[in-house]
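# Examining the three-dimensional arrangement
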Amino acid sequence: MTKKIIIKEDWHIHSHFSGCSNDPEQNVQNICHIAGKANLSAIGFADHLWQNPDKSTWPEDLAKNNHEIIAKLREEIANANIPSDLQVFLGAEAEMTGFNQFSITKDFAETLDFVLMPHNHIHQNYIKNPAICTAENLINFLLDRFSICAKSGLATIMAHPMLPYGFMEFFAPGILNCSEQKMIDIYGLAAERNIFFELNSDYFSQANSPEQHEAILKIINCAKRSGCRFTYGSDA
């Protein structure tokens, strides 16, 4: 029997301040209106953020996604007509470039309601990739980055875990041949630190074969067995 999942919260929403959105209609007021019509009880704004004081770490395409957008977004939230039964949270989608190099500091993270931390934006030119020639190398690389993000003390939610953006051809063979116990142990690092595991809409839009769907289910099942709690993110 097919079970229906009712989604009441969305913790991965980008506004027009985010570099991935060029739509001025993607503002707080409009988003809250749509969320209210969808009967959501909580939403979290998570614009891309590059806040690290060391500006030499800032990629050119994220230079405008600095801490100033948080102040602007906070002001929009304060001035919005928000439905009385909708809670609105202000967070950010941070970034990890090289190992142990993050786009956000702990002090700044503490000023936010939550921090989404992706470990897998490996299609971006600011991520230093090793020579990814095999599916096994790719999955081990992603698991290593997941582990570091989970231990960083910065993440509230692991964003779209294990999706290898730009390398989807390696996804299914890499995940399906990976040890379940290895995945459970790595995901357990997040569970131990009360970091949520995101069920991202890209799990459904990026996977386009039975094998990829099976790989998604394996990821979710291993995360569940590791003790992780889940959030949903539309990544809209």
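Above this text you will find the structure in question.
In this text the structure is predicted, and so the values were computed from the model without any measurement. Here the residue index of a chain counts from 1 through its sequence in written order. Given that the model is predicted, a residue must reach a pLDDT of at least 70 before its local features are reported, and side-chain atom pairs must reach 80 or more before they are shown or counted; all residues, however, enter totals for whole chains, interfaces and linings. Excluded from the side-chain calculation are hydrogens and water; included are all heavy atoms of the structure.

## Looking at the packing of aromatic side chains
Stacked, tilted and edge-to-face pairs are distinguished by plane angle, under 30 degrees for stacked and over 60 for edge-to-face with tilted covering the rest, among Phe, Tyr and Trp rings (Trp via its six-membered ring) whose centres lie within 6.5 Å. Summed over the entire model, instances satisfying the criterion amount to six aromatic pairs. Consider the rings of phenylalanine 197 and phenylalanine 230, whose centres lie 5.8 Å apart with planes at 75 degrees: the pair is edge-to-face. Taken as a pair, phenylalanine 197 in strand S6 (residues 196-200) and phenylalanine 230 in strand S7 (residues 230-233) lie far apart in primary sequence, 33 residues in all. A connected cluster of aromatic rings, assembled from ring pairs, spans Phe146, Tyr187, Phe197 and Phe230. Only DSSP runs of H or I covering at least 4 residues are called helices, and only runs of E covering at least 2 are called strands; the numbering of each starts at the N terminus.

## Quick look at helix H2 (residues 68-79)
Between its first and last C-alpha, H2 extends 17 Å over 12 residues, near the 16 Å set by a 1.5 Å rise per residue. Taken residue by residue, H2 has Ile69, Ile70, Leu73 and Ile77 as its buried positions. Viewed end-on, H2 has its buried residues packed into an arc of 100 degrees, placing them on one side of the element. Within H2, the exposed residues directed more than 90 degrees away from the buried face are Glu75, Ala78 and Asn79. Contacts are assigned to residue pairs that have any heavy atoms within 4.5 Å of one another. On its buried face, H2 sits against helix H1 (28-37), strand S2 (42-48), strand S3 (87-93) and helix H3 (106-109). One fewer than the residue count of a helix, multiplied by 1.5 Å, yields its expected span. The buried label applies to any residue whose accessible area, calculated with a 1.4 Å probe on protein chains only, is under 20% of its type's maximum; exposed applies above 50%, and partly exposed to all values in between. The arc in question is the one traced by the directions running from the helix axis out to the C-beta atoms.

## Points about the packing of helix H6 (residues 180-192) against helix H8 (residues 210-226)
All axes here are fitted lines through C-alpha atoms, helices being fitted over the stretch that makes contact, and every angle between N-to-C directions spans 0 to 180 degrees. Relative orientation of the contacting elements H6 and H8 amounts to 55 degrees, with a least axis distance of 8 Å. Between H6 and H8, the crossing angle belongs to the class labelled oblique. You can see that H6 and H8 cross each other, and the crossing is right-handed. Only Lys218, Ile219, Cys222, Ala223, Arg225 and Ser226 of H8 make contact with H6, whose side of the interface consists of Glu180, Met183, Ile184, Tyr187, Gly188 and Ala191. Small angles under 35 degrees read as roughly parallel and large ones over 145 as roughly antiparallel, with 65 to 115 read as roughly perpendicular and the rest as oblique. By the definition used in this description, the sense in which the near helix is turned from the far one sets the handedness, with an anticlockwise turn below a right angle giving left-handed and a clockwise turn giving right-handed.

## Here we look at unusual backbone geometry
The backbone of histidine 160 shows a phi angle near 30 degrees, a positive value even though the residue is not glycine. In this model, aspartate 235 sits at a positive phi of 60 degrees, which is unusual for a non-glycine residue.

## A closer look at the pairing of S6
With two bridges connecting them, strand S5 (residues 157-159) and S6 associate as parallel partners. Paired with isoleucine 157 across the two strands is phenylalanine 196, which belongs to S6. Any two strands are treated as partners once DSSP identifies two or more bridges connecting them. Pairing of S6 with S7, which is carried by four bridges, proceeds in the parallel orientation. Across the sheet, the residue bridging to phenylalanine 197 is phenylalanine 230, located in S7.

## Overview of the sheet that holds S7
Read from one edge of the open sheet, seven strands run S1-S2-S3-S4-S5-S6-S7, paired in parallel fashion. Edge strands, defined here as strands with exactly one partner in the open sheet, are strand S1 (9-13) and S7. Across this sheet, the average inter-strand angle for adjacent strands is 30 degrees, counted without regard to direction. Sheet topology places strand S4 (residues 114-118) next to S5; three bridges connect them, and they run parallel. Within the sheet, the bridge partner assigned to proline 118 lies in S5 and is alanine 159.

## A closer look at the layout of surface pockets
Here a cavity is any set of points on a 1 Å grid over the protein atoms alone where a 1.4 Å probe fits but cannot get out, and a pocket is any open set with protein on both sides within 12 Å along at least 5 of 7 lines; a residue lines the site when it has an atom within 4 Å of a point. Grid points are joined across faces, edges and corners, and a volume is the space filled by probe spheres set on the points. There is about 510 Å³ of room inside the largest pocket. Ile5, Leu199, Phe204, Ile220 and Tyr232 are the residues nearest the centre of the largest pocket, which is lined by 17 residues in total. Of all the elements in the fold, those that place two or more residues in the lining of the largest pocket are S1, helix H7 (202-205), H8 and S7. At four residues, the largest contribution of residues to the lining of the largest pocket is made by H8. When the residues that make up the lining of the largest pocket are grouped by side-chain class, the tally is 12 nonpolar, two polar and three charged. When residues are sorted by character, Ala, Val, Leu, Ile, Met, Phe, Trp, Tyr, Cys and Pro go into the nonpolar class, Asp, Glu, Lys and Arg into the charged class, and all the rest, Gly among them, into the polar class.

## Focus: the nonpolar core
Within the largest apolar cluster, 72 residues are counted, with the highest numbers of intra-cluster contacts made by Ile43, Phe45, Ile104, Met117, Tyr187 and Ile219. At 10 residues, helix H4 (residues 135-151) tops the list of elements feeding residues into this core. Beyond its immediate chain neighbours, meaning those up to four positions away, phenylalanine 45 contacts Ile13, Ser15, Val28, Ile31, Leu73, Ile77, Val88, Phe89, Leu90, Gly91, Ala92 and Phe114. Within this scheme, the nonpolar core is defined by two criteria: the residues are buried Ala, Val, Leu, Ile, Met, Phe, Trp, Tyr or Cys, and they are joined through side-chain atoms within 4.5 Å.

## Quick notes on the pairing of S3
Judged by how many residues are buried, S3 sits mostly within the fold: five of seven residues are covered. Across seven bridges, the pairing between S2 and S3 is parallel. Note that in S3 the partner of histidine 48 across the bridge is glutamate 93. Where S3 lies against S4, three bridges are found, and the strand directions are parallel. By the bridge assignment for S4, glycine 91 is matched with phenylalanine 114.

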